Amino acid sequence: MRLTRLPLLPLALAVLALQTGVAQAHTSSGAGGFASGFAHPILGWDHVVAMVAVGLWGAVLGRPALWLLPLVFPLVMALGAAAGILGLPLPAVETGIALSGVVLGLMVALAWPAPLWVAALITGAFAIFHGHAHGTELPGTAGPLAYGLGFVLGTGLLHMAGIGFGLLWTSPRGRLAVRAAGLAIAAAGGAFLTGLA
């Protein structure tokens, strides 16, 4: 019973935090920056699918990947965001974001038992694209630090949602559900990649 409720907790917290941030968005540039950063990954489905997939893949691989992959992603994403804020070019950002959904979704659907360093490398490589998009879309009135804290927190909540759902992996029916979720994520990434979504 507790496992079925666990994935809903991070999403509920995300919605509450977003509503609070939006209410404060016009009171100062710091609050607006935080709210904008927090909303960016949560309201962008191309980001949502990949970030949930990171948590799912970590859960499928088990410890230490369960916590390492959701730690690698925001750390490397922050570096990508800094590059975007500084105006450093990165080719094919949108393609990289869409491919992250396809690849990470397939990793979950196939339950590919990647070595930890390979899983971290794949996760980090895609995090650069997501971070760069966050950095280049920084609102002009937003403080970079508040914005960065917002998108890291939003990303973390999406990872937690993936981990929570991924904990169903311990049962046969749960494995089917997790694999199906991975397949749905890969399909969504494919839709983003081909322009169907």
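Residue positions are given per chain, counting from 1 as you read along its sequence in written order. Only residues with pLDDT of at least 70 get local features here, since the model is predicted, and only at 80 or more are side-chain atom pairs given and counted; chain-wide, interface and lining totals rely on the full set of residues. The side-chain values count all of the structure's non-hydrogen atoms but skip hydrogen atoms and water molecules.

Draft legend 1. Here's a closer look at the overall build of the chain. Here a strand is any run of E in DSSP of at least two residues, a helix any run of H or I of at least four, and the numbering for each starts at the N terminus. Helix and strand counts for the chain come out as nine helices and zero strands. For the chain, the α and β elements follow one another from N to C terminus as α-α-α-α-α-α-α-α-α. For the chain, with 197 residues in total, the buried portion stands at 50%. Note on contacts: a residue pair is in contact if any heavy atoms of the two residues lie within 4.5 Å. Summarising the internal contacts of the chain: among those between residues at least 6 apart in sequence, 80% fall at separations of at least 24. Where accessible areas are quoted, they stem from the Shrake-Rupley method and a 1.4 Å probe; at the residue level, only the protein chains shown are allowed to cover. With an accessible surface of roughly 9500 Å², the chain has 75% of that area assigned to carbon and sulfur atoms. Categorising residues by exposure relies on relative accessible area from a 1.4 Å probe, with only protein chains included: less than 20% of the type maximum marks a residue as buried, more than 50% marks it as exposed, and the intermediate range marks it as partly exposed.

Draft legend 2. Local environment of unusual backbone geometry. Put simply, Arg63 and Pro64 share a cis peptide bond, and its omega is 0°. With respect to the element layout, Pro64 can be found in the loop between helix 4 (45-61) and helix 5 (65-85). One non-glycine residue, Ala92, lies in the positive phi region at around 55°. Note on placement: Ala92 falls in the loop between helix 5 and helix 6 (93-110). Owing to a relative accessible area of 47%, Ala92 belongs among the partly exposed residues under this scheme. Unlike most non-glycine residues, Ala111 shows phi in positive territory, near 50°. On the secondary structure map, Ala111 appears in the loop between helix 6 and helix 7 (116-136).

Draft legend 3. Structural detail: the packing of helix 4 against helix 6. In the contact formed by helix 4 and helix 6, the axes pass within 8 Å of each other and the chain directions differ by 30°. Classified by the angle between their axes, helix 4 and helix 6 sit roughly parallel to one another. As helix 4 packs across helix 6, the resulting crossing turns out to be left-handed. On the side of helix 4, the interface is formed by Asp46, His47, Val49, Ala50, Ala53, Val54, Leu56, Trp57 and Val60, while helix 6 contributes Glu94, Ile97, Ser100, Gly101, Leu104, Gly105, Met107 and Val108. In this count, Pro and Cys sit with the nonpolar residues alongside Ala, Val, Leu, Ile, Met, Phe, Trp and Tyr, while Asp, Glu, Lys and Arg are called charged and the others, Gly among them, polar. Here the contact of helix 4 with helix 6 is built from residues that sort into eleven nonpolar, four polar and two charged. Note on geometry: axes are C-alpha line fits, over the in-contact stretch for helices, and angles between N-to-C directions span 0 to 180 degrees. Here the angle decides the label: under 35 degrees means roughly parallel, over 145 means roughly antiparallel, 65 to 115 means roughly perpendicular, and every other value means oblique. Take the far helix as the reference: if the near one is turned anticlockwise from it by less than a right angle, the crossing is left-handed, and if turned clockwise, right-handed.

Draft legend 4. Structural detail: the nonpolar core. Grouped together as the largest cluster of nonpolar side chains are 43 residues, with contacts concentrated most on Leu56, Trp57, Leu69, Leu104 and Val178. For this core, the leading source of residues is helix 4, giving ten residues. Ignoring any residue separated from it by four or fewer positions in sequence, one finds Leu56 in contact with Val108, Gly162, Ile163, Phe165, Gly166, Val178, Ala181 and Ile185. For our purposes a nonpolar core is just a set of buried Ala, Val, Leu, Ile, Met, Phe, Trp, Tyr and Cys residues, chained together by side-chain atoms within 4.5 Å.

Draft legend 5. Representation of helix 7. In this model helix 7 runs 30 Å from its N-terminal to its C-terminal C-alpha over 21 residues, within 8% of the 30 Å that 1.5 Å per residue would give. The buried count for helix 7 comes to 15 of 21 residues, which makes it a mostly enclosed element. A helix's residues, less one, multiplied by 1.5 Å, set its expected span.

Draft legend 6. Geometry of the side chain of Asp46. With respect to the helices and strands, the residue Asp46 is situated in helix 4. His is not counted here, nor are the chain ends, while Lys and Arg score as positive and Asp and Glu score as negative. Criterion for a salt bridge: a side-chain nitrogen of Lys or Arg within 4 Å of a carboxyl oxygen of Asp or Glu. Arg179 provides the closest opposite charge to the buried, unpaired Asp46, separated from it by 26 Å. Setting aside anything within four residues of it in sequence, one finds Asp46 in contact with Glu94, Ile97, His130 and Phe192.

Draft legend 7. Seen up close, helix 4. Between its first and last C-alpha, helix 4 extends 24 Å over 17 residues, near the 24 Å set by a 1.5 Å rise per residue. Note on helix 4: the residue one or two positions beyond its end, Gly62, has a positive phi of about 80°.

Draft legend 8. The arrangement of the packing of aromatic side chains in detail. Aromatic rings from Phe, Tyr and Trp, with only the six-membered ring used for Trp, were paired whenever their centres fell within 6.5 Å, and each pair was classed as stacked if the ring planes differed by under 30 degrees, edge-to-face if by over 60, and tilted otherwise. Scanning the model with the defined rule gives two aromatic pairs in all. Ring centres 6.0 Å apart and planes at 20° place the aromatic pair Phe34 and Phe38 in the stacked group. Linking Phe34 with Phe38, this pair stays in helix 3 (residues 29-43), spanning four residues, or about one helical turn. With a relative accessible area of 1%, Phe38 lands in the buried category. Taking 5.6 Å as the distance between ring centres and 75° as the angle between the ring planes, the aromatic pair formed by Tyr147 and Phe151 counts as edge-to-face. Within this pair, Tyr147 and its partner Phe151 are both found in helix 8 (residues 144-166), separated by four residues, close to a single helical turn. The exposure class assigned to Phe151 is buried, which follows from its relative accessible area of 3%.

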